[in-house]
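Fold and contact review
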Amino acid sequence: MAVSGFTFGTCILLLHISYVANYPNGKVTQSCHGMIPEHGHSPQSVPVHDIYVSQMTFRPGDQIEVTLSGHPFKGFLLEARNAEDLNGPPIGSFTLIDSEVSQLLTCEDIQGSAVSHRSASKKTIIKVYWNAPSSAPNHTQFLVTVVEKYKIYWVKIPGPIISQPNAFPFTTPKATIIPLPTLPPVSHLTKPFSASDCGNKKFCIRSPLNCDPEEVSCVFLSFTRDDQSVMVEMSGPSKGYLSFALSHDQWMGDDDAYLCIHEDQIVYIQPSHLTGRSHPVMDSRDTLEDMAWRLADGVMQCSFRRNITLPGVKNRFDLNTSYYIFLADGAANDGRIYKHSRQPLITYEKYDVTDSPKNIGGSHSVLLLKVHGALMFVAWMTTVSIGVLVARFFKPVWSKAFFLGEAAWFQVHRMLMFTTTVLTCIAFVMPFIYRGGWSRHAGYHPYLGCIVMTLAVLQPLLAVFRPPLHDPRRQMFNWTHWSMGTAARIIAVAAMFLGMDLPGLNLPDSRKTYAMIGFVAWHVGTEIVLELKYWIMTEFRSFSHLLQWKQRVMLLKRQCWQFMSVGMLLFSSYFCLQSTIYEQAKTLAFAGQVIIIIKPKKLEACPDCLEHICEFSLGRLGSCL
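A brief look at the structure comes next. (Residues numbered from 1 in each chain as written. Predicted model: local features only at pLDDT ≥ 70, side-chain atom pairs only at ≥ 80, totals over all residues. Heavy atoms only, no water.)

1. Regarding the environment of Pro-60
Residue position: Pro-60 is located in the loop between β1 (49-53) and β2 (63-73). Ignoring anything within four residues of it in the chain, the contact list for Pro-60 reads Ala-132, Pro-133, Ser-134 and Gln-164. (Helix = DSSP H or I, 4+ residues; strand = E, 2+ residues; numbered from the N terminus. Contact = heavy atoms within 4.5 Å.)

Below, the structure is given as structure tokens:
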């Protein structure tokens, strides 16, 4: 199956029914020619909307005001045609009066040749200007298709006919009554489907595998060959629609699809085809026979028969060829079907439903996307977290351990971070391989993923240019390295939370979020506890070191005081001893001895000194010598 551009993986089926009512933005260029919204319903026969013009005659170059009014409506398509050939191309062009509610379309390569709605909001009046071209026919008529609801619409409501001044009066041709196409008969099923013949007479696909088609939670599809035709049975929840498609690959695009839509207690069976990731195009039901349906106990069941081959019928695949089979269900309201709430079930391989009967299942998620999620989880919730813890808290613990010439903590940190980068690169390319390009329908997840991928590659490149330990730029490197790593971790966690909600993984609704919150809380809590422990130990070491210095200072002070005390004691003792000796030396006497205080070298040379020589005897003063 060819894929137009970059298509969204396994997203199959049904966002909104195609054409006028199905395009709330009014981009209905493909409906320009027939002006028919193919909703699978018959158009209303009695118009309740009118077209008015500001004048009934015109000349080339004139501008005529055209007004559409009536009951509230959501969508419309207004054109001007040659009154004598209403099936011909549009005539002239339009100019908008209020661009908030209407827009111009290019039909038949004529720019501005039609006007449509801009939004699905309710309207009661639309005004535009019609510009008469130089090649305008003598008589021009305005036609409008109006959509009130999905199943309530009017096709080609005729408006007034305006003519050029010199033209012959327009003669209204005799009305030709065109019978509305008769729809194939639809009957009611008298009994529920049975899975007892699955694998024996029926080719069955069930989700969950081996479920009972009478259960509300069971989505069931079976094919039973009967000569040159195949009977198809489909069963599932009654709220909304059921659908299956035959595809040449596991991507959406150019698929043969069939829908059973529950509306107003009636089930509509509708063939369609898909072109890329776009709205399904409803096709004629003429190729289906024996259509029947049943609503009971919250279960919707529908069945139909079609020929194995349909020569000359476009968009219908031959059933005797192998295909991937898509099986989906979703919500429907007021005739409009919405995107399925979960990923469709897709068979693991191609099957020929006309071959031997089988009883098979499928998967709501794709292996490549599962591997992508698993690798990203291992990278950003395991290896990177352990690497950060090792670098932050094991550096002092393994300060003396070395491995291959480097510190052991650094080698472990580098190995874990390199593993994170490799896992991220491998996981990053997997969605692109599966999608075939960029996915525009995955929200912010791919944008955050690209940021994470960029940071994961820049981190090791930045580490290559790490300055030496004592280089002045080392501080700047440390802060940059830490900031980029922390930002990558935070963005990666946010991307994982967003990615878990994408339908491609088909994870449980509540448990996945709680599990992820638990992992994040565990990692954050671990880092907080280790950070507190590190801070406490650092502060305790600082306090112990300070206490040792205080003890040393006090000891030094004590020793200084002791030294000063001893010195002062010695000094005072010496001073006291010296004073005592000096005082006693002048008057000290011993029995029978004479102390000479001053004795000259030659006594006779100093006759005057005789007076200085005294003799002391015990109790009396001796005579001078």
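Structure shown, so let's carry the discussion forward.
2. Re the sheet that holds strand β8 (residues 123-131)
Read from one edge of the open sheet, four strands run β1-β2-β8-β5, paired in antiparallel fashion. Looking at which strands have only one partner, the edges of the open sheet turn out to be β1 and β5 (93-96). Neighbour-to-neighbour, the strand axes of this sheet turn through a mean angle of 30 degrees, independent of strand direction. Relative to β8, β2 is paired through eight bridges, and the arrangement is antiparallel. Along β8, the bridge assignment pairs Phe-73 with Lys-123. (Pairing = 2+ DSSP bridges. Axes fitted to C-alpha atoms, helices over the stretch in contact; angles between N-to-C directions.)

3. A few points about the side chain of Asp-352
Mapped onto the secondary structure, Asp-352 falls in the loop between β24 (345-346) and β25 (359-360). Here Asp-352 is buried and forms no salt bridge, its nearest opposite-charge partner Arg-225 lying at an N-O distance of 6.5 Å. Here the side chain of Asp-352 touches Thr-354 through a polar contact of 2.7 Å, side chain to side chain. With near-sequence residues (within four places) excluded, Asp-352 lies in contact with Phe-203, Leu-319, Asn-320, Thr-321 and Ser-322. (Buried < 20%, exposed > 50% of the residue type's maximum accessible area, 1.4 Å probe, protein only. Lys, Arg positive; Asp, Glu negative; His and termini not counted. Salt bridge = Lys/Arg side-chain N within 4 Å of Asp/Glu carboxyl O. Polar contact = N/O pair within 3.5 Å; in protein donor to acceptor, adjacent residues only side chain to side chain.)

4. Focus on the environment of Val-53
With respect to the helices, strands and loops of the structure, Val-53 is situated in strand β1. Sequence separation between Val-53 and Val-66 is 13 residues, and the spatial gap between their C-alpha atoms is 4.6 Å. Those residues in contact with Val-53, other than ones at most four positions away along the chain, are Ile-64, Glu-65, Val-66, Phe-142, Pro-160 and Ile-162.

5. Things to note about unusual backbone geometry
Of note, the amide linkage connecting Ser-207 to Pro-208 takes the cis form, showing an omega dihedral of 0 degrees. Note that Pro-208 resides in the loop between β12 (203-207) and β13 (219-226). In this model, Glu-108 sits at a positive phi of 55 degrees, which is unusual for a non-glycine residue. Within the secondary structure layout, Glu-108 lies in the loop between β6 (102-107) and β7 (110-117). For Glu-108, a relative accessible area of 44% puts it in the partly exposed group.

6. Considering the packing of aromatic side chains
All chains considered together, the criterion is met by 18 aromatic pairs. Three or more aromatic residues joined by ring pairs form one cluster here, namely Phe-203, Phe-223, Phe-244, Tyr-258, Phe-304 and Tyr-351. (Phe/Tyr/Trp six-rings, centres within 6.5 Å; stacked < 30°, edge-to-face > 60°.)

7. Comments concerning the environment of Pro-431
With respect to the helices and strands, the residue Pro-431 is situated in helix α2 (residues 408-435). Separated by 60 residues in the primary sequence, Pro-431 and Val-371 place their C-alpha atoms 9.7 Å from one another. In contact with Pro-431, not counting residues within four places along its chain, are Leu-369, His-372 and Gly-436.

8. A closer look at the packing of helix α1 (residues 367-393) against helix α4 (residues 474-500)
The description of two helices packed together rests on the angle between their axes and the distance between the axes. The N-to-C vectors of α1 and α4 enclose an angle of 155 degrees; their axes lie 10 Å apart at closest approach. Here α1 is positioned roughly antiparallel relative to α4, judged by the angle of their axes. As for how α1 packs across α4, the hand of that crossing is left-handed. Between α1 and α4, the residues in contact are Met-376, Phe-377, Trp-380, Met-381, Val-384, Ser-385 and Val-388 and Ala-488, Arg-489, Ala-492, Val-493 and Met-496, respectively. (Parallel < 35°, antiparallel > 145°, perpendicular 65-115°, else oblique. Left-handed = near helix turned anticlockwise from the far one by under 90°.)

9. Some words on the state of the cysteines
Enumeration over the complete set of coordinates arrives at four disulfides. Across the disulfide, Cys-32 is cross-linked to Cys-107 (sulfur-sulfur distance 1.8 Å). Given an S-S torsion of about -45 degrees, the disulfide between Cys-32 and Cys-107 has left-handed geometry. Residue Cys-32 is found in the segment before β1, and its partner Cys-107 is found in strand β6; the two are separated by 75 residues along the sequence. Considered together, Cys-32 and Cys-107 belong to a single accessibility category, that of buried residues. Each sulfur of the disulfide joining Cys-211 and Cys-218 lies 1.9 Å from the other. Between Cys-211 and Cys-218, the disulfide has an S-S torsion of 55 degrees and is therefore right-handed. Cys-218 carries the same exposure label as Cys-211, and that label is buried. (Disulfide = S-S within 2.5 Å.)

10. What about the pattern of salt bridges?
Counted by the stated rule, this structure contains nine salt bridges. For Glu-233, the salt bridge is made with Lys-202, and the minimal N-O distance between the two is 3.0 Å. Here Lys-202 lies in the loop between β11 (186-188) and β12 and Glu-233 lies in strand β14 (residues 229-237), a separation of 31 residues in the sequence. Judged by its relative accessible area of 14%, Glu-233 is buried. Look at Lys-202 and you get buried, because its relative accessible area is 10%. In the salt-bridge network here, residues are joined through shared partners; they are Asp-256, Asp-283, Arg-306 and Arg-316.

11. Digging into α4
Under the 1.5 Å per step criterion, the end-to-end length of α4 is 39 Å for 27 residues, consistent within 8% with the ideal 39 Å. Taken residue by residue, α4 has Arg-474, Phe-477, Met-484, Gly-485, Ala-488, Arg-489, Ala-492, Val-493, Ala-495, Met-496, Gly-499 and Met-500 as its buried positions. (Expected span 1.5 Å × (residues − 1).)

12. Considerations on the sheet that holds strand β19 (residues 289-296)
Backbone hydrogen bonds hold the strands of a sheet together, and the pairing may be parallel or antiparallel. Read across the open sheet, the seven strands follow the order β11-β19-β20-β14-β13-β12-β25; overall the sheet is mixed. Two strands close off the open sheet at either side, each with one partner strand: β11 and β25. Pairing geometry for β11 and β19, over three bridges, is parallel. Note on β19: the bridge partner recorded for Val-186 is Met-291.

13. Observations regarding the packing of α1 against α2
Two elements in contact, α1 and α2, have axes separated by 8 Å at closest approach and are oriented at 160 degrees. As far as their axial angle goes, α2 and α1 are roughly antiparallel. Crossing handedness for the pair α1 and α2: left-handed. Of the residues belonging to the contact of α1 with α2, the class tally is 25 nonpolar, seven polar and one charged. (Nonpolar A, V, L, I, M, F, W, Y, C, P; charged D, E, K, R; others polar.)

14. Some points on α2
The terminal C-alpha atoms of α2 lie 42 Å apart, and with 28 residues this matches the ideal 40 Å at 1.5 Å per residue to within 8%. Two residues or fewer past α2, Gly-436 is found with a positive phi of approximately 80 degrees.

The values are spatial; any link to function lies outside them.
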